[in-house]
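# Close look at the chain arrangement
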Amino acid sequence: MLLPRSAVTDIDAAAGLLKEFRPATLPRIYLNQRFSEWKRFLQFLQKRGFPQTILEIGTGRGGSTFFWSRFSPAGARVVTVDIAERAAQLVKIYDRPSVNSVHCITGDSRSAETIGAVRRALDGRAVDLLYIDGDHTYAGVKSDYERFALFCGESSLIAFHDIHPDFFHARGVQTPCDSGDVYRFWDELKARHVFHDFVEEPRAEMDGFGIGVIEYRRPG
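The N-to-C vectors of helix H1 (residues 11–20) and helix H3 (residues 63–71) enclose an angle of 130°; their axes lie 11 Å apart at closest approach. Considering the angle they form, H1 stands oblique to H3. Note that H1 runs across H3; the crossing there is right-handed. Across from Ile-11, Ala-14, Ala-15, Leu-17 and Leu-18 in H1, the residues of H3 making contact are Gly-63, Phe-66, Phe-67 and Phe-71. A breakdown of the residues in the contact of H1 with H3 according to their chemical character gives eight nonpolar, one polar and no charged.

So, in structure tokens, the structure goes:
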């Protein structure tokens, strides 16, 4: 069982808790992020006031959802989407209705059924933070942005994982890291918005990863 919310006092403590936790009948929960970047990103959110309503596209192994559930304020709502049924099993343990709610939707982020399920799970709330870490093709990340930004409020944050090109895209050198074409869409998007990025230095030596955030403004 996870420690109670009050026992998690900072990001490092939460990371240690996640590392030690082993579900009895499920695969290991895992944060697929470079932790130095992830920590700076969460600190950025904390300074602004942690989001009350979070929509995550790409649950993966449930690590990022764990942090959303730990640090979001009382009464918050977290909605996360993944095509794999395993994701819903992993994050089910985070749902604490008396503190904050976590809903995991299984489905393709581009399907009308999934979008409808997201709308129902949000129940009229505007999204404060949209975190996109799903399909890493150019068409995939652009589609997720265009479809789910519609749920954002007047001044929401939209974040993307893997904004830095991997070595294959930057140098033509194949490695296990594959950040896809997220960096292409990110370069286009940040030219039109106030943005913040969290990429480990020196950047020339980075093989993928990186987190980018735009300050979204709904089109007038």
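This is not the end of the story, as more comes after the structure.
Moving on, we get to the nonpolar core. Counting 31 residues, the largest nonpolar core has Leu-55, Leu-130, Tyr-145, Ile-158 and Phe-160 as the members making the most contacts within it. At the level of secondary structure, the elements contributing two or more residues to this core comprise strand S1 (53–57), strand S2 (77–82), helix H5 (112–122), strand S4 (127–132), helix H6 (138–148), strand S5 (152–161) and helix H8 (182–190). Here this core takes five residues from H5, the largest share from any one element. Filtering out sequence-adjacent residues up to four positions away, Ile-158 remains in contact with Leu-130, Ile-132, Tyr-145, Ala-149, Cys-152, Gly-212, Val-213, Ile-214 and Tyr-216. Core analysis: the second largest hydrophobic core is formed by 30 residues, Leu-17, Phe-41, Val-78 and Leu-129 among them.

Given 3.6 residues per turn, any residue in an α-helix points the same way as the ones three and four places further on. Looking only at H5, the buried set comprises Thr-114, Ile-115, Gly-116, Ala-117, Val-118, Ala-121 and Leu-122. On the buried face of H5, the contacting elements are S1, S2, strand S3 (101–106), S4 and H6. Within two residues after H5, Asp-123 carries a phi angle of roughly 55°, on the positive side.

Evaluated as defined, the whole model comprises 21 aromatic pairs. For the ring pair Trp-38 and Tyr-131, a centre distance of 5.9 Å and an interplane angle of 75° mean the geometry is edge-to-face. Of this pair, Trp-38 sits in helix H2 (residues 35–48) while Tyr-131 sits in strand S4; the two residues are 93 residues apart in sequence, bridging distant segments of the chain. Since its relative accessible area comes to 0%, Tyr-131 is described here as buried. Each ring, one from Phe-50 and one from Phe-71, has its centre 6.2 Å from the other, and the planes form 35°; the classification is tilted. Residue Phe-50 is found in the loop between H2 and S1, and its partner Phe-71 is found in helix H3; the two are separated by 21 residues along the sequence. Of the two residues, Phe-50 and Phe-71, neither departs from the other in class, the shared state being buried. When the ring centre of Tyr-138 is taken as reference, the NZ or CZ atom of Arg-184 above it lies at 4.4 Å.

Taken residue by residue, the protein gives an average pLDDT of 89. The fraction at 70 or more is 95%. Considering only residues more than four positions removed or in separate chains, one finds that residues 1–8, a stretch of pLDDT under 50, has 21 contacts.

Position of Gln-33 among the secondary structure elements: in the loop between H1 and H2. Every residue in contact with Gln-33, bar those within four places of it in the chain, is listed here: Trp-38, Tyr-131, Asp-133, His-161, Phe-209 and Ile-211.

Here the focus is the pairing of S3. By the bridge criterion, six bridges tie S2 to S3 in an arrangement that is parallel. Pairing of Asp-82 across the sheet is with Thr-106, part of S3. What joins S2 to S3 is helix H4 (residues 85–91), and the crossover it makes is right-handed.

Another point: the pairing of S5. Among the ten residues of S5, eight are classified as buried, and the element is accordingly described as predominantly covered. The sheet contact formed by S4 and S5 spans five bridges and is parallel. Directly across from Val-127, in S5, lies its bridge partner Cys-152. Once you follow S4 into H6 and on to S5, the crossover reads as right-handed. Bridge count between S5 and strand S7 (residues 211–215): five bridges; the pairing is antiparallel. When the bridges of S7 are listed, His-161 appears paired with Ile-211.

Criteria and cut-off values
- Residues numbered from 1 in each chain as written.
- Predicted model: local features only at pLDDT ≥ 70, side-chain atom pairs only at ≥ 80, totals over all residues.
- Heavy atoms only, no water.
- Axes fitted to C-alpha atoms, helices over the stretch in contact; angles between N-to-C directions.
- Helix = DSSP H or I, 4+ residues; strand = E, 2+ residues; numbered from the N terminus.
- Parallel < 35°, antiparallel > 145°, perpendicular 65-115°, else oblique.
- Left-handed = near helix turned anticlockwise from the far one by under 90°.
- Contact = heavy atoms within 4.5 Å.
- Nonpolar A, V, L, I, M, F, W, Y, C, P; charged D, E, K, R; others polar.
- Core = buried A, V, L, I, M, F, W, Y, C linked by side-chain atoms within 4.5 Å.
- Buried < 20%, exposed > 50% of the residue type's maximum accessible area, 1.4 Å probe, protein only.
- Phe/Tyr/Trp six-rings, centres within 6.5 Å; stacked < 30°, edge-to-face > 60°.
- Lys NZ or Arg CZ within 6 Å of the ring centre and 35° of its normal.
- pLDDT = per-residue confidence, 0-100.
- Pairing = 2+ DSSP bridges.
- Right-handed = clockwise from strand over helix to strand, strands pointing away.

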